[in-house]
Amino acid sequence: MTSLSILNVKEFMNILLRGDAFDSFLLSEGSITTYMAFHLDGRCRSDFFSPEDEPYAQVSQEKYIPFSLARPVCFDLIKGKRTPSSFHFVFQLSSENQAKTLASIGSNFLPEDISGMYLNLKYQNQQLTCTTGVSCRVFSLDKSLEQAWDELVKRFLKAHCVPFEELL
């Protein structure tokens, strides 16, 4: 697990809410506090969609919705003259991307060994932090997957020109 401070909050918010950089992540939960608190439960309600709907294939296979579906709602809640008091988003890799990630780093873990690979964004007191995490279904002293995930997240942020610094 690593914790990063995002140095340019305004630019990051443009990337998060106006671009598609985070669209492939699943949103497991979130909250946005403006004039009131909005709580986002990212669990899929796949019965809402019919097979003809574009997102049906993805939402019928995952427990949580892709951020691409929630992003417009989040944007509407956050946009305006005033900065939100706070927000918190918990992103997770899709099962497909999780399997690809395990394969790409040559991990000894199997996809069924991993409950989730997470990216937490928390904005509070004008500070935005990004924290990584991996949840395993099996006990292991091997921390190589966590370390690799930390590095992949840093590369992801750098690839999207997001300046950050590591927190201790």
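Please refer to the structure higher up on the page.
Residues numbered from 1 in each chain as written. Predicted model: local features only at pLDDT ≥ 70, side-chain atom pairs only at ≥ 80, totals over all residues. Heavy atoms only, no water.

(A) Structural context of the packing of helix H1 (residues 9-18) against helix H3 (residues 67-78). In the contact formed by H1 and H3, the axes pass within 8 Å of each other and the chain directions differ by 130°. With respect to their mutual orientation, H1 and H3 come out oblique. Across the interface between the two elements, Met-13, Leu-16, Leu-17 and Arg-18 from H1 touch Phe-67, Arg-71, Cys-74, Phe-75 and Ile-78 from H3. Taken together, the residues that form the contact of H1 with H3 break down as 7 nonpolar, no polar and 2 charged. (Axes fitted to C-alpha atoms, helices over the stretch in contact; angles between N-to-C directions. Helix = DSSP H or I, 4+ residues; strand = E, 2+ residues; numbered from the N terminus. Parallel < 35°, antiparallel > 145°, perpendicular 65-115°, else oblique. Contact = heavy atoms within 4.5 Å. Nonpolar A, V, L, I, M, F, W, Y, C, P; charged D, E, K, R; others polar.)

(B) How the structure looks around the environment of Asn-14. Looking at where Asn-14 falls in the secondary structure, it is placed in helix H1. When its relative accessible area of 32% is taken as the criterion, Asn-14 is described as partly exposed. Through-space distance from the C-alpha of Asn-14 to that of Phe-75 is 9.6 Å; in sequence the pair is 61 residues apart. (Buried < 20%, exposed > 50% of the residue type's maximum accessible area, 1.4 Å probe, protein only.)

(C) Here's a closer look at the pairing of strand E6 (residues 114-124). With 7 bridges joining them, strand E5 (residues 86-92) and E6 adopt antiparallel strand pairing. Directly across from His-88, in E6, lies its bridge partner Lys-122. In terms of strand pairing, E6 meets strand E7 (residues 127-136) through 10 bridges, oriented antiparallel. Looking at E7, one finds that Gln-124 is bridged to Gln-127. The antiparallel hairpin formed by E6 and E7 contains 2 residues in its connecting segment, where Asn-125 sits at a positive phi of about 55°. (Pairing = 2+ DSSP bridges.)

(D) Main features of helix H4 (residues 95-104). Three or more residues of H4 are buried, namely Gln-98, Thr-101 and Leu-102. Viewed end-on, H4 has its buried residues packed into an arc of 100°, placing them on one side of the element. Facing away from the buried surface of H4 by more than 90 degrees, the exposed residues are Glu-96, Ala-103 and Ser-104. The secondary structure elements touched by the buried residues of H4 are E6 and helix H5 (144-159). (Arc of directions from axis to C-beta.)

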